[in-house]
Amino acid sequence: MEMDDVVNPKTILVTGCAGFIGSHFVRQFKNKFPTSKIIGIDDFSTGRRAALESSVILHEGSILDEGILEKVFSRHRPEYVFHFAALPRVSYSVEHPRRTSEVNIVGTVALLEMSKNYDVRRFIYSSSSSLYGGAKKLPTKESENYPDPRSPYAIQKYIGEPFCKVFSELFGLDTVCLRYFNVFGPGQYGDSPYSTVVSAWLESVYFPKKKKAFIEGDGKQSRDFCYIDNVVTANILAMESKQKLEGEALNIACGSQISINEVKVLIEKYTGKKLLLEKRPPRPGDVRHTCADTSRARRLLGYHPRVDFEEGLKRTVQWFSSRKI
Ligand SMILES: NC(=O)c1ccc[n+]([C@@H]2O[C@H](COP(=O)([O-])OP(=O)(O)OC[C@H]3O[C@@H](n4cnc5c(N)ncnc54)[C@H](O)[C@@H]3O)[C@@H](O)[C@H]2O)c1
């Protein structure tokens, strides 16, 4: 493997390239590696055409479609695969356990198989902190907290990890699993019933006809919110790493705990508007606190969360305030 190729790949494949994380990734990747060819796959089930970068060579369709995968891999021979495509959201998976299992589990295995067949250099998998389940030692280290998934989505995201490891062991396909914690940022719309708190609350501030915001429980529950750019950086570092990663699972987060009540205060501060919240009972089975220890990602990838919650929120507010629809 030549050094030049490692830092400047000819071709990469990005699944879910029209989604929130995938579209940010493509934009920032293109800036950093302007000569690389970016191939995308998306079926627009949750992705948006407007978010799609014009530089992406798009293959529209599902990762479950073997014909599309065969065409993409044989024609383009990507060196790295960034696998963002999924049907996300815990509550959606509770309503649609079979459909989400197909996309989130079988889709991942299908991409691993193609990556193995076409000698991909590294497969970078989007995993999720949801696999940790209930209250854990905080800050949460990968080594001290065995996965304990509590929803179909968490199971699905978790299953992708041992699959990555096994593909590394059996076939020598290098893989890495990035466990994202509560990602937020510009481009994350808050208009769906499955929206996450930052986007849903900002949506209700700027588009009150589209969204009525609510708060569950006392608001003292907290999350390790991770600004989108940190996730994009982690993916690029995962590609650039010179050592074999062989299915390593790494927390990707900000490493700080922000309570839901603090989110409210900061949103009011940066929007200058009052956030009106309907009070609802606590969500059954809701995790009380999350906070990641990101030292393993720092050690293996050189990952540092560069944008903290408040700076990330300011940038997200800016995007919402300039959004037309
Ligand atoms: N956003 C978060 O907080 C978060 C946290 C942890 C993990 N993740 C993971 O990160 C990844 C990206 O999440 P996101 O927030 O950008 O979600 P998103 O819904 O915005 O993006 C997912 C993309 O995948 C596409 N897709 C879905 N099913 C597909 C299929 N069968 N074939 C092709 N494309 C398909 C969608 O159209 C969409 O563009 C997902 O794997 C998700 O599980 C996200």
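For the structure itself, consult the block above.
Here we summarise the structure given alongside this text. (Residues numbered from 1 in each chain as written. Predicted model: local features only at pLDDT ≥ 70, side-chain atom pairs only at ≥ 80, totals over all residues.)

Concerning the overall build of the chain
Assigned secondary structure in the chain consists of 11 helices and 13 strands. Over its C-alpha atoms the chain spans a radius of gyration of 19 Å, differing by no more than 12% from the 20 Å that the globule rule assigns to 325 residues. With the C-alpha coordinates aligned to their principal axes, the bounding extent of the chain is approximately 55 × 45 × 35 Å. Of all intrachain contacts in the chain linking residues separated by at least 6 positions in sequence, the fraction that spans at least 24 positions is 78%. (Helix = DSSP H or I, 4+ residues; strand = E, 2+ residues; numbered from the N terminus. Rg over C-alpha atoms; globule rule 2.2 N^0.38 Å. Contact = placed C-beta atoms within 7 Å.)

A short note on the site of the ligand
Residues in close proximity to the ligand total 29 residues, the closest being G16, G19, T46, G47 and A86. Of all the secondary-structure elements, those providing two or more residues to the shell around the ligand are α2 (20–32), β2 (37–42), α5 (97–117) and β5 (122–128). It is α2 that contributes the most residues to the shell around the ligand, 3 residues altogether. For the shell around the ligand, a count of residues per class yields 15 nonpolar, 11 polar and 3 charged. (Near = placed C-beta within 6 Å. Nonpolar A, V, L, I, M, F, W, Y, C, P; charged D, E, K, R; others polar.)

Focus: the sheet that holds strand β6 (residues 175–180)
As summarised here, the arrangement of the 7 strands in space is β3-β2-β1-β4-β5-β6-β11, forming an open sheet in which the pairing is parallel. The open sheet terminates on both sides in strands that have one partner only, identified here as β3 (57–60) and β11 (248–252). On average, adjacent strands in this sheet sit at an angle of 20 degrees to one another, irrespective of strand direction. In this structure, strand β1 (residues 11–15) lies alongside strand β4 (residues 80–83), joined through 4 bridges in parallel fashion. Bridged to T15 within β4 is H83. Contacts between α5 and the sheet are confined to β1, β4 and β5, with β4 contributing the most and set at about 175 degrees to the helix. Taken strand by strand, helix α6 (residues 152–171) contacts β5, β6 and β11, and its axis lies near 155 degrees from that of β5. (Pairing = 2+ DSSP bridges. Axes fitted to C-alpha atoms, helices over the stretch in contact; angles between N-to-C directions.)

Details of the nonpolar core
Core analysis: the largest hydrophobic core is formed by 80 residues, its most contacted members being V14, I124, L178, C226, V231, A234 and I252. The leading source of residues in this core is helix α8 (residues 228–240), at 7 residues. Excluding its chain neighbours within four sequence positions, the residues that come into contact with A234 are L178, I252, A297, L301 and Y303. Among the nonpolar cores identified, the runner-up in size contains 5 residues, and L131, Y132, Y153 and Y158 belong to it. (Core = buried A, V, L, I, M, F, W, Y, C linked by C-beta atoms within 7 Å. Buried ≥ 20, exposed ≤ 12 C-beta atoms within 10 Å, placed from the backbone.)

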